[in-house]
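Summary of structural features
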Amino acid sequence: MRHALPTGLCSLALLLPTGAVLASAGSEAIDRHCSACHQAQSGPQSWSRISAQRKTPEGWDMTIARMQTMHGLELPQEARRDIVKFLADTRGLAPEESASQRELIERRLNRIESFDHPSYQEMCARCHTGGRAQLQRRPQEEWERLVHFHVGQFQTTEYQSMARDRDWFDLALNEIAPWLAESQSLENEAWESWQQAEQTSPEGDWQLWGHWPGEGDFYADVTINTDEGEDAYSLSLDGAFTSGRPLSGEGQAIVYTGYEWRANLNLNGRDLKQVLDLSGAHPSGRIFDDHDDAFGMMVEMVPHEAAESAVLASLPASLKAGERSRLVLLGHGLGEGEISLGEGVTVRKVIERSDMRLVLDVEASNDLTPGWLAMQIGEISAERLLAGYRTVDRLEVSPTLGVARIGNDKTPPVSGVFTAAGYLDGADETIPLGQVPVRWSVSPWDKIAERDEDVRFAGILDAATGIFSPAGAGPNPLRQYNANSVGNLRVTASVVGQEAIQDEAQLIVTVQRWNNPPLR
Amino acid sequence: MNSSEIKLLNLTLMGLLAFAAQPLVVNAAVADEASADEVREYLVTMVRPNQLYVIDPEAQEVVRTCDVEGAFGSGTLQLSPDERIAYVLHNRWEDVVGIDLTSCEEVFRASGSGNSIRAKSIASLAVSPDGSRLYSIWDRARLGLDHYEVLEPQLAVYDTAAGLAAEPLATFPAPRQVTTMGAAEDGNLYLAGADIYRVDPENGETEIAIANRNWDRPSFSPPDSLAMWSMGEVANEFLRPYTVAEHPGEKNEAWHWGISRVDLATGETENKEIAPFEFIIFSMVSDPRERDVFYGVYTQLSKLDARTQEIVKVIDLDHTYYSVNTSYDGSRIYLGGASSDIAIYDDDFNDLGRIRLPGDMSTATLKVARF
């Protein structure tokens, strides 16, 4: 949410000294490694080009990588880290500024972008996401220079499809650059006030939860300690899936710009990355596989200590009539008091109980009334957290369009990961049931996919989990033209026991990407 | 063939080309029993990493390979009027190199880059009909210490006798987005850009010869064309295929292949739809015997007839080819580019064989030369 400020005032604010600027490892490294080409300018810690842009830590890292690959910069790994840290801290994005593009930062790539400009998509979002530029702030001159860089470096830019049909260079300079300068200016109040805001440390105890593809809902206690290095932390996780299977792990993290948490984790033996936005009361983000970014889970995190008692999450989000299952409730102040889960639900056993967590063995009766189950834990009530159902009214598969990639040892495959959420369509309300049990199947998307036997060649969809494992890369001698094992598939989920309740998605299985930058 | 005979032949050919509008047609029967002074037809192309190949399509064998110093790219080729010198766009699209096909000698080299300017040409090469001038269009960017500045493209006119460090005789501002070029016998240059431009290389004056992006055809979408391949020497024409939608967005929407064409002998221009658009074609040439019949190539080889507006024949190929050409008598079709084999078909698409090369031709042109 950007607040309109008279631009004069804005730039004035930036001109005011914000206190003595101390030399840091990052700024010293810029002086040493960058200033031969990017001249120091008047003003504290200011270098040509560098100081006229703001971007995410990934954005800075990618620019610096380009300085290495294209301009012959030689940079020790440590200096690169220091520079990224320094630039992301001093020339980063405020939480409001990155909010609309969290999916890109979190590598949720199976989505369709849309923009507030008639030609931006075709002009700027066909080689990489349009979000890449949305995650930057620059004055008009710097947006123009970005256009010059594109055409100067990649001469074929203006000759490609969706460029050769228009005056690409002219449009980029005279329509796109001014629009970006206007909507994503270097200076604004969001950034000003974020820089003034007091920064809080994530050190302490937290509880985290999410849904692990193919395994189910999980929760974990997270302990975060400071580590050696600026804004560096170590963390350990100790938790379980709702099935009872344990989940544990550890990792290292760095916080950039006061809220951009980036961690390397190892969870139950699997190496994963974690991106969190720490700026809100409930940090949230995603844990994912760096090489197989479709494989990931949205997570939320709350501190152990909280002023207010509340139930914050129910795993799962719904109970089926006639079934006995485990239910995990997460929140604060859950340690004491009577537990009531609404009409028709009986607590058979309390498996674990603490202030933050209840692990219960519950049974939903056959004649349970479909709808919200009003729950009461001592003094705490939660009316719309847990639902009961007999049959699912509607199913929604997401993503609606998935892109999987065939792979090999050098470029690992990218999976297709689908989930199916159930709904009760009431007269005046739609009640989400969360992920309900479904069976997955795959069929050709169209006639061409049928003729080319894409289902046979492109890979395998796990009927229970909705996870698609693509075939190996390379020419397939069994196919016409020795084509790669690509395909165009229809992925269908149907509710177990209610085969007619279905939804489907398209899955394009395509070739590897050779270049996998952190911001696509 | 000894060198004095080559020179003699060369002069004869020069004369023929200078005065006769029609290209020389090699009689296939005569070519078969070619004696020492017979004109033979060769295929010329560039192969990765940096070899120019001269191939005898009749014998289906490589006659000569010439190393061309520098990195591959784009491999766009144009021939001198005597067809003995191939000018190749080389060194990552930054140099034009002239190679004598009979000796592999490097006779010309020019680069648009230098003085902090990086210049690349996107397939824009042409040779004047008398062979004395080479034209190229350079897309230029000034590489500053900390930023790039894209400059106006430049049409550069070179003296083909200027040797191995040729500097342009003249330069003129050129439109952006120009790819292939053709030089007509009347001295004009034709440029495939947003429109087909006619340029007087004496003074750089530029006008629209065939409107494409700026055409005024209310029931048609603007055309889309990918023109990267500089053939047309056999029919002596400058041809750019395009795809277009008629009545776009309406019930009767129809997609077509069309062509913009300049007859390089007469300077006559035409623009018309020739057949329905059913598959992608990367490059196209006309049949030298019937210039309203066109051959197109990509994953298919196709024959389109503008007279009937029909796709006459299509076959699937074993892989993609980018560059199509024909023999001067029109009886054979040559496919090159993309990978590492040249395919030969007859005009009824019977497979006449493959010539395997040690590297990929990639974006290189497949030219037909006679000497």
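Right above here is the structure, for reference.
Attention in this report is confined to the structure presented alongside it. Please read these numbers as outputs of a predicted model, since none were measured by experiment.

Attention now moves to the sheet that holds strand 9 (residues 284–288) of chain A. Residues and elements named next belong to chain A. Ordered in space as 3-4-5-6-7-8-9-10, the 8 strands form a closed barrel in which the pairing is antiparallel. Sheet twist, expressed as the average angle between the axes of neighbouring strands with direction ignored, equals 25°. Judged from the 5 bridges that link them, strand 8 (residues 270–277) and strand 9 form a sheet pairing that is antiparallel. If you follow V275 over to strand 9, its bridge partner there is R286.

Residues and elements named next belong to chain A. Between its first and last C-alpha, helix 4 (residues 77–90) extends 20 Å over 14 residues, near the 20 Å set by a 1.5 Å rise per residue. Where helix 4 is concerned, the buried positions are A79, R80, I83, V84, K85, F86, L87 and A88. Where helix 4 is buried, its residues meet helix 2 (25–33), helix 3 (57–71), helix 11 (189–196) and strand 6 (246–256).

Residues and elements named next belong to chain A. Mapped onto the secondary structure, W143 falls in helix 9 (residues 140–153). Each C-alpha atom, one on W143 and one on A65, is 19 Å from the other, the two residues being 78 residues apart in sequence. Residues contacting W143, with those up to four places away along its chain left out, are A133, Q136, R137, R138, A177, L180, A181 and Q184.

What follows concerns the pairing of strand 3 (residues 204–212) of chain A. Residues and elements named next belong to chain A. Here 9 bridges tie strand 3 to strand 4 (residues 216–226), and the two strands are oriented antiparallel to one another. When the sheet's bridge partners are listed, G210 is paired in strand 4 with F218. Summarising the sheet, strand 3 and strand 10 (residues 296–303) pair through 5 bridges and their orientation is antiparallel. Each bridged residue has a counterpart across the sheet, and for G210 the counterpart in strand 10 is V299.

Attention shifts here to the packing of aromatic side chains. Enumeration over the complete set of coordinates arrives at 25 aromatic pairs over all chains. Seen in terms of ring centroids, B:W255 and B:F277 are 6.1 Å apart; in terms of plane orientation they differ by 65°. Their pairing is edge-to-face. Placement of the pair is B:W255 in strand 19 (residues 254–263) and B:F277 in the loop between strand 20 (269–276) and strand 21 (283–287), with a sequence separation of 22 residues. An aromatic cluster of three or more residues is present, and its members are A:W212, A:F218, A:F241 and A:F295. Taking NZ or CZ as reference, A:K55 lies 4.8 Å from the ring centre of A:W60, over its face. Note that A:R394 overlies the ring of A:Y423, its terminal NZ or CZ placed 4.7 Å from the centroid.

Let's shift gears to the sheet that holds strand 14 (residues 181–183) of chain B. All names here are of chain B. Spatially, 14-15-16-17 is the arrangement adopted by the 4 strands of the open sheet, whose pairing is antiparallel. Because the sheet does not close on itself, it has two edges, and the strands there are strand 14 and strand 17 (206–210). Shown here is a sheet whose adjacent strand axes are inclined to one another by a mean of 30°, direction ignored. Across 3 bridges, the pairing between strand 14 and strand 15 (residues 189–192) is antiparallel. Pairing of A183 across the sheet is with L189, part of strand 15.

A few words now on the interface of chain B and chain A. With 23 residues of chain B in contact, the opposing surface of chain A contributes 25 residues. Between chain B and chain A, the buried area comes to about 2200 Å², and carbon and sulfur atoms account for 50% of it. Considering only the side of chain B, the residues that lose the most area to chain A are B:D146, B:Y148 and B:Q177, jointly responsible for 29% of the buried surface there. On inspection of chain B and its partner chain A, the count reaches 17 residue pairs in polar contact (both at pLDDT 80 or more). Among the secondary structure elements, those contributing two or more residues to the side of chain B that touches chain A are strand 8 (117–120), strand 10 (133–143) and strand 11 (148–150) of chain B. Broken down by element, the side of chain B that touches chain A gets its largest block of residues, 3 residues, from strand 11 of chain B. When its residues are assigned to classes, the side of chain B that touches chain A shows 8 nonpolar, 5 polar and 10 charged.

Criteria and thresholds
- Residues numbered from 1 in each chain as written.
- Chains lettered and ligands numbered in written order.
- Predicted model: local features only at pLDDT ≥ 70, side-chain atom pairs only at ≥ 80, totals over all residues.
- Heavy atoms only, no water.
- Pairing = 2+ DSSP bridges.
- Helix = DSSP H or I, 4+ residues; strand = E, 2+ residues; numbered from the N terminus.
- Axes fitted to C-alpha atoms, helices over the stretch in contact; angles between N-to-C directions.
- Expected span 1.5 Å × (residues − 1).
- Buried < 20%, exposed > 50% of the residue type's maximum accessible area, 1.4 Å probe, protein only.
- Contact = heavy atoms within 4.5 Å.
- Phe/Tyr/Trp six-rings, centres within 6.5 Å; stacked < 30°, edge-to-face > 60°.
- Lys NZ or Arg CZ within 6 Å of the ring centre and 35° of its normal.
- Buried area = accessible area lost by both parts, 1.4 Å probe.
- Polar contact = N/O pair within 3.5 Å; in protein donor to acceptor, adjacent residues only side chain to side chain.
- Nonpolar A, V, L, I, M, F, W, Y, C, P; charged D, E, K, R; others polar.

Geometric values such as these leave the question of function open.
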